[in-house]
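Each chain, written out:
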Amino acid sequence: MEKISFCRDCLADIEYGHKRCDFCRSPRTIHHREIQNLSIAHIDCDSFFAAVEKRDNPEIQNQPVIVGGSERGVVSTCCYIARAYGITSAMPIFKAKNLCPNAIFLPPRHERYQEVSGELRTLLNKLTPKIHFVSIDEGYLDLSGTQTLHGLIPAKSIAKTILEIEKKIKITVSIGLSYNKLLAKLASTNSKPRGFSVIGREDTDEFLSHLPVGKVNGVGRKLTQKLHQEGIFTLGDISRKSKKDLILRFGESILLLYDLIEKKSSSLIDIGLKKKSISTESTFKESLTERKDMKKFLWRAAVKISDNAKNEKVYGKTIQLKLKKDNFKTLTRSLTLSIGTNLANQIYTSATLLLEKELNQAPFRLIGLSLENFEQLPAYSSSSDLFSNHNKKLEDATDKIRKKYGHTSIFPGLLMNK
Ligand code: TTP
Ligand code: MG
């Protein structure tokens, strides 16, 4: 593979590994052996509220700026100059004042921050529509395929867009680039402010072994403290202990950390910006009382969800049924399969099993069905699973007929007589 280095400021390709740009002499150069194969990015604006305040009032550019106070008497955020005084988000304002009496304290202007967030989104959307914004100043981008569109490797494309954001919006952004969302997010956090960090497949073991346990999503403050008391600070420390022993002492939540170490964690496997659930629901003109009508609806819903899941290439383990009664009370019932599916037959069968148990509560004015808890492997991937293979073949055949004649052209036999 061709080794690539480039400059974040003039975007020129430079000699591999050079610490300064061969052309503009900027020290902001990027090099990584795997850079051409990494396309999941996480971006997060640096000290967002404070950056917007500085952009709107350049006179305070070089001052410690603290935003917060008007709502709960705590710091919302502060610029990196103020952070050097030890000020952090959620710190009481009086404490921040003690640490840095000369700082400029400003009340938050949420509408303005939303406006700037909108500008940010517009520029990022020009790069790819495959974006998942997770907060006002932060999002994941799936840049696979953008090279054909923009003629640049994903790393350069995102660097270029961030330069444009700096120029037009006048705020800075940190970038993490990797091959899944978890590592991309950890990379951007690591690079703040105005950084660009890359974690490739070859770096993963090393990176994870140094990862603080508290940084893992799902490991709360209490568990982190308990682990610290036992001298366990990083995933590397965990891997040196006996798994059985740690489960006995800390409970099953510790398995989350082992999944990461053994690279079984869905956040390490899940590379794209897939949906969390696929659902559909309908409110009926007249509430449904007949089992036959409810099942007909469920079949249509299962087909719709299955088509959608197949398009997204996702396989859900949990099927959830929602039923709203005439008195507006809503029941939700779910079941979880041992392996994920996107087959209409399996979704339908699971949904009817759930429905059967609640039929005595009919009539229903609304029925909803959803597929969630996605995993990557399809239920029919195992060649030993003959039943699933049979189902897959059956479903492929019915898919073809449905494509030709429409969604309602094929019903499972049982619908015809019950
Ligand atoms: P963050 O991205 O968490 O923080 P940040 O952008 O200020 O700083 P960083 O460089 O570390 O990313 O949050 C985005 C905005 O959300 C932040 O500017 C202010 C607001 N916020 C709060 O109001 N309260 C909080 O406790 C946090 C963490 C953020
Ligand atoms: Mg931020």
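Refer to the structure printed above.
Caption draft 1: Expanded view of the sheet that holds strand β15 (residues 364-375). Sheet architecture is open: four strands sit in the order β12-β15-β13-β14, paired in antiparallel fashion. With one partner strand each, in any of the chains shown, β12 (277-288) and β14 (330-341) form the two edges of the open sheet. Each strand axis lies, on average, 15° off the axis of its neighbour in the sheet, ignoring direction. Judged from the eight bridges that link them, strand β13 (residues 315-325) and β14 form a sheet pairing that is antiparallel. Across the sheet, residue Leu321 finds its bridge partner in β14, namely Arg333. Most of the contacts of helix α14 (residues 291-312) go to β12, to which it runs at about 160°, and overall it touches β12, β13 and β15. Most of the contacts of helix α15 (residues 344-358) go to β14, to which it runs at about 145°, and overall it touches β13, β14 and β15.

Caption draft 2: The arrangement of the coordination of the magnesium ion (ligand 2) in detail. On the protein side, the magnesium ion (ligand 2) has Asp44 (OD), Cys45 (O) and Asp137 (OD) as donor atoms, found 2.0 to 2.2 Å from it. Coordination at the magnesium ion (ligand 2) is octahedral, judged from the six donor atoms that bind it and the angles of 81 to 176° they form at the metal. Within one chain, the residues donating to the magnesium ion (ligand 2) are spaced in sequence as D-C-x91-D. In terms of burial, Asp44 and Cys45 fall into one category: buried.

Caption draft 3: Inspection of the sheet that holds strand β3 (residues 29-31) at higher detail. One open sheet accounts for three strands, arranged β2-β1-β3; its pairing is antiparallel. Each edge of the open sheet is held by one strand with a lone partner, namely β2 (13-14) and β3. Here strand β1 (residues 5-7) runs beside β3; their pairing, made up of three bridges, is antiparallel. Directly across from Cys7, in β3, lies its bridge partner Thr29.

Caption draft 4: The site of ligand 1, seen in detail. Near ligand 1, the surroundings consist of 13 residues, among which Ser47, Thr77, Tyr80, Arg83 and Asp137 are the closest. With respect to ligand 1, the backbone of Ser47 contributes an N or O atom lying 2.9 Å from an oxygen atom. Within the side chain of Thr77, an N or O atom sits 2.5 Å from an oxygen atom of ligand 1. Against a free-state accessible area of 550 Å², the protein chains account for coverage of 70% of ligand 1. Mapped onto the shell around ligand 1, the elements with two or more residues apiece are β4 (40-45), α1 (48-56), β6 (75-78) and α2 (80-83). Among the residues forming the shell around ligand 1, the class breakdown is four nonpolar, four polar and five charged.

Caption draft 5: Representation of the pattern of salt bridges. If you walk through the whole model with that rule in mind, you get 27 salt bridges. Between Asp245 and Arg249 there is a salt bridge; the shortest N-O distance is 2.9 Å. One end of the pair, Asp245, and the other, Arg249, are both in helix α11 (residues 243-250), four residues apart, so they sit about a helical turn from each other. Linking Arg333 and Glu358 is a salt bridge whose minimum nitrogen-to-oxygen distance equals 3.0 Å. Taken together, the residues Arg333 in strand β14 and Glu358 in helix α15 connect sequence positions 25 residues apart. Note on Arg333: relative accessible area 31%, which makes it partly exposed.

Cut-offs and rules
Residues numbered from 1 in each chain as written. Chains lettered and ligands numbered in written order. Predicted model: local features only at pLDDT ≥ 70, side-chain atom pairs only at ≥ 80, totals over all residues. Heavy atoms only, no water. Pairing = 2+ DSSP bridges. Helix = DSSP H or I, 4+ residues; strand = E, 2+ residues; numbered from the N terminus. Axes fitted to C-alpha atoms, helices over the stretch in contact; angles between N-to-C directions. Contact = heavy atoms within 4.5 Å. Donors = N, O, S within 2.8 Å, 3.2 Å for Na, K, Ca; no water. Tetrahedral: all angles 85-135°; square planar, octahedral: opposite > 155°, others 65-115°. Buried < 20%, exposed > 50% of the residue type's maximum accessible area, 1.4 Å probe, protein only. Near = heavy atom within 4 Å. Polar contact = N/O pair within 3.5 Å; in protein donor to acceptor, adjacent residues only side chain to side chain. Areas by Shrake-Rupley, 256 points an atom, 1.4 Å probe, with all protein chains shown as cover. Nonpolar A, V, L, I, M, F, W, Y, C, P; charged D, E, K, R; others polar. Salt bridge = Lys/Arg side-chain N within 4 Å of Asp/Glu carboxyl O.

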